[in-house]
Amino acid sequence: MPDLAIIIPSVLNGLTTGALYALVALGLTLIYGVLHIINFAHGALLMLGLYAVYYLNTRFGLDPYVCLLIVPPAMFALGYALQRGIIGRAGHGRDENILLVTLGLSIVIENLALFFFKSDTRIIDTPYSFEVVQIIGAFVPEPKVFAFIGAFVTAGLLWALMSFTDLGRAIRALAKERKGATLVGINADHVYAMSFGLGIACLGVAACLLLPSYYVSPQVGQGFVLIAFTIVVLGGMGSFVGALIGGLFIGVVEALSGLFLGESLGQIGIFAIFIVVLIFRPTGLLGHKV
Amino acid sequence: MSDTLLEISGLRGGYGAVEVLRGVDLDIASGEIVALLGSNGVGKTTLSSILTGLVSCWGGAIRFKGREIQKLSPRAIIDMGLIHVPEGRHIFPNLSVRENLELGSYRRGRANRAKNMEHVVSVFPRLSERFDQKAGTLSGGEQQMLAIGRGMMAEPELLILDEPSIGLSPLLVEEMFELITTLNGEGLTILLVEQNVLQSMEIANRAFVMENGAITLSGTSAELMDDPELQRSYLGLV
Ligand SMILES: Nc1ncnc2c1ncn2[C@@H]1O[C@H](COP(=O)(O)OP(=O)(O)O)[C@@H](O)[C@H]1O
Ligand SMILES: [Mg+2]
């Protein structure tokens, strides 16, 4: 039985990774909750965000956290355009079509990335990449602490937007009652695209927070998307709080099972829990949608 | 007729290949309650939906405030002040009562949101008790009030109420019709779409009776009450 001196850093590490998982899952669950589609292009779009941060840093010398001012808005615009221009049109409102469209998009994006960026794994160098912060006796890399805080701030902003703005109310209204929404003058195509854009902007934030302590390659999104799907199902499809708690939970489970079962088996713990939860609580840990 | 607000002439429309409305003529003057009556399936809701741009118009003209609107989008029609409280309410069940009302002014009336909300609550005091409750938890009558309140938030110049009494207990129906009279007394012009012929005629200035996609009878409520045709087919008097 490993003692606390090993378990605490592992849990902290899991929480920081989990906060980023939560951010990725938040975007996915927002899109699912409103558009009722599972965005298979989520991982590929995260990868694009990571490359954006990578090139802004290596070519223009921008700090990844300065990229927060550029990448999330750009990803928002990309998401808006994708939904309004491609997914919404090509899907013809049929779920199975939309599923295939987002799957197709992810394949196209990943192959374009392979072509343009090559399959190399790349990292960036920042002055704080190897700085650490001491938390309850454990040393946590600075970028991971920033990522944890950033993910929560983003989640808070998103929650405020959904709760206190007309856009947020319109998004929630449209999720449940399209005809009523049309009758109060909500432009469904626009609001659907705004929702998709917001979900993708979350990926932009995640990319900026992630790269200082991670890497980018054309396939980097795949690992995240599988975990994000797990979180979304675990937290209850469409639930915000569920995505947050689910993300942290999965991060910790991954870290601890890595500790006890060995690094390469870390993810097995996640899927074992996933299957157990689905057997006993098919609607996820927190039950229903927001 | 003085000061015509809405004028519908030769209106045709339907779904797919099926024609539902076969040339409807109807007019509403400012300040009136006009009832559109008829049994189930004659095309009343189709007419309401074409008026607010939810269903496309095949032919004929709709003139609102002097302007042809049959080609406009629902949003452009809302902007002009023609507001539709639909059959079946279609409130937002996952939003609170307050949020439902707020979204009523999503497009129009936003500047006066707080003031209009106070007004809605003064007309429907039952809503204030449920203000922060999810709209889906309201009773049928409360949901209908919320739907009307949501419509009022857009500062309507013409309010279409499609079957506001459907599914309500007789006592609530009475209350609902009184509230509609109150709103009209404040100057709101109302198109009241109903199957409830007798009670509608009691509060309406004029009425149009629709059968099979066309208007078959029209006149002031007093005239229609005396019409032998109407007495026979709708009032069950012989
Ligand atoms: N969305 C729709 N698609 C196809 N047919 C419809 C639709 N809505 C109504 N109808 C048909 O149009 C006719 C008129 O319906 P409706 O306008 O709802 O009548 P009312 O409101 O007077 O009861 C009915 O025959 C109905 O079956
Ligand atoms: Mg009807």
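None of the values given here were measured: they were computed from a predicted structure.

Q: Help me out: how do you make sense of the sheet that holds strand 9 (residues 206-211) of chain B in this one?
A: Backbone-to-backbone hydrogen bonds pair the strands of a sheet. The strands run either parallel or antiparallel. All names here are of chain B. The six strands are arranged 6-7-8-3-9-10 in an open sheet whose pairing can be described as mixed. At either margin of the open sheet sits one strand with a lone partner, and together these are strand 6 (82-85) and strand 10 (214-220). Direction aside, the axes of adjacent strands within the sheet are offset by 15° on average. The strands touched by helix 7 (residues 170-185) within the sheet are strand 3 (33-37), strand 7 (158-162) and strand 8 (189-194), with strand 8 carrying the most contacts at an inclination of about 155°.

Q: Explain the pairing of strand 7 of chain B to me, please; I cannot follow it from the model alone.
A: Looking down a regular strand, the side chains alternate between one sheet face and the other. All names here are of chain B. Most of strand 7 is tucked away: five of the five residues are buried. On strand 7, burial covers both faces: Leu 158, Ile 160 and Asp 162 on one face and Leu 159 and Leu 161 on the other are all buried. With four bridges joining them, strand 6 and strand 7 adopt parallel strand pairing. When the sheet's bridge partners are listed, Ile 83 is paired in strand 7 with Leu 159. For strand 7 and strand 8, the ladder comprises five bridges, and the chain directions are parallel. Paired with Leu 158 across the two strands is Thr 189, which belongs to strand 8. Chirality of the crossover, the property in question, places the unit of strand 7, helix 7 and strand 8 among those that are right-handed.

Q: Can you walk me through the pattern of salt bridges in this structure?
A: Oppositely charged side chains may form a pair once their charged atoms are brought near each other. Counted according to the given criterion, the structure contains 16 salt bridges over all chains. Arg 98 of chain B is the salt-bridge partner of Asp 132 of chain B, the closest N and O atoms lying 3.3 Å from each other. Of this pair, Asp 132 of chain B sits in the loop between helix 5 (125-129) and helix 6 (140-152) while Arg 98 of chain B sits in helix 3 (residues 97-104); the two residues are 34 residues apart in sequence, bridging distant segments of the chain. Assessed through its relative accessible area of 59%, Asp 132 of chain B is described here as exposed. Here the residues in one salt-bridge network are Asp 166 and Arg 169 of chain A together with Glu 102, Arg 110 and Arg 113 of chain B, joined through shared partners.

Q: Can you walk me through the nonpolar core in this structure?
A: Inside soluble globular proteins, nonpolar side chains tend to come together where they are buried. Of all hydrophobic cores here, the largest spans 86 residues; its most connected members are Leu 23, Leu 45, Leu 46, Leu 50, Ile 87, Ile 186 and Phe 196 of chain A. Among the elements that take part in this core, helix 8 (residues 188-210) of chain A stands out by supplying 14 residues, more than any other. Non-local contacts of Phe 196 of chain A, meaning those with residues more than four positions away in its chain, are made with Ile 31, Leu 35, Ile 37, Asn 39, Gly 79, Leu 82, Gln 83 and Ile 87 of chain A. Judged by nonpolar contacts, the second largest core, of 47 residues, contains Val 85, Val 97, Leu 138 and Phe 177 of chain B.

Q: Even after reading the chapter, I still don't get the coordination of the magnesium ion (ligand 2), so can you show me in this structure?
A: Ideal values differ by geometry: the angle at a metal is 109.5 degrees with four tetrahedral donors, but 90 or 180 degrees with six octahedral donors. Residue and element names in this part refer to chain B. Distances from the magnesium ion (ligand 2) to its protein donors, Thr 45 (OG1) and Glu 87 (OE), fall within 2.0 to 2.7 Å. Within this pair, whereas Thr 45 is found in helix 1 (residues 44-51), its partner Glu 87 is found in the loop between strand 6 and helix 3, the two being separated by 42 residues in sequence. The class of Thr 45 is partly exposed, set by a relative accessible area of 23%.

Q: I keep staring at the domain arrangement of chain B and nothing clicks. Help me out?
A: How big an interface is tends to be expressed through the accessible area that disappears when the partners come together. All names here are of chain B. For chain B, the assigned domains read domain 1 (1-78 + 159-164 + 189-238) and domain 2 (82-156). On the domain 2 side, the residues contacting the 18 residues of domain 1 number 12 residues. Interface of domain 1 and domain 2: buried area, both sides summed, is about 1400 Å²; carbon and sulfur atoms make up 64% of it. Taken together, domain 1 and domain 2 are joined by zero salt bridges. Counting every contact that joins domain 1 to domain 2 gives six residue pairs in polar contact (both at pLDDT 80 or more). Those elements that provide at least two residues to the side of domain 1 that touches domain 2 are helix 1, helix 2 (74-80) and strand 7. Of the residues assigned to the side of domain 1 that touches domain 2, the class counts are 11 nonpolar, four polar and three charged.

Q: What exactly am I supposed to notice about the interface of chain B and chain A here?
A: On the chain A side, the residues contacting the 22 residues of chain B number 18 residues. At the boundary of chain B with chain A, total buried surface from both sides reaches about 1900 Å², with 61% on carbon and sulfur atoms. Taken together, chain B and chain A are joined by four salt bridges. The closest approach of N and O atoms between Arg 172 of chain A and Glu 99 of chain B, which form a salt bridge, is 2.8 Å. Counting the contacts that link chain B with chain A gives six residue pairs in polar contact (both at pLDDT 80 or more). Looking at the side of chain B that touches chain A, the elements that each hand over two or more residues are helix 2 and helix 3 of chain B. For the side of chain B that touches chain A, the element with the highest residue contribution is helix 3 of chain B, accounting for four residues. Grouping the amino acids of the side of chain B that touches chain A by side-chain chemistry returns 10 nonpolar, five polar and seven charged.

Q: Looking at this structure, how should I read the UniProt feature "transmembrane region" (unreviewed entry) in chain A?
A: Residues and elements named next belong to chain A. According to UniProt, the positions carrying the feature "transmembrane region" (unreviewed entry) are residues 6-30, 37-56, 62-82, 98-117, 145-170, 191-212, 224-252 and 259-280. Each end of residues 145-170 is marked by a C-alpha atom, and these two atoms are 34 Å apart; helix forms 96% of the span and strand 0%. Annotated as residues 191-212, this span is 91% helix and 0% strand, and its ends, taken at the C-alpha atoms, are 33 Å apart.

The rules behind the values
Residues numbered from 1 in each chain as written. Chains lettered and ligands numbered in written order. Predicted model: local features only at pLDDT ≥ 70, side-chain atom pairs only at ≥ 80, totals over all residues. Heavy atoms only, no water. Pairing = 2+ DSSP bridges. Helix = DSSP H or I, 4+ residues; strand = E, 2+ residues; numbered from the N terminus. Axes fitted to C-alpha atoms, helices over the stretch in contact; angles between N-to-C directions. Contact = heavy atoms within 4.5 Å. Buried < 20%, exposed > 50% of the residue type's maximum accessible area, 1.4 Å probe, protein only. Right-handed = clockwise from strand over helix to strand, strands pointing away. Salt bridge = Lys/Arg side-chain N within 4 Å of Asp/Glu carboxyl O. Core = buried A, V, L, I, M, F, W, Y, C linked by side-chain atoms within 4.5 Å. Donors = N, O, S within 2.8 Å, 3.2 Å for Na, K, Ca; no water. Domains from an automatic or database assignment. Buried area = accessible area lost by both parts, 1.4 Å probe. Polar contact = N/O pair within 3.5 Å; in protein donor to acceptor, adjacent residues only side chain to side chain. Nonpolar A, V, L, I, M, F, W, Y, C, P; charged D, E, K, R; others polar. UniProt positions renumbered as here; feature names shortened; annotations may be inferred.

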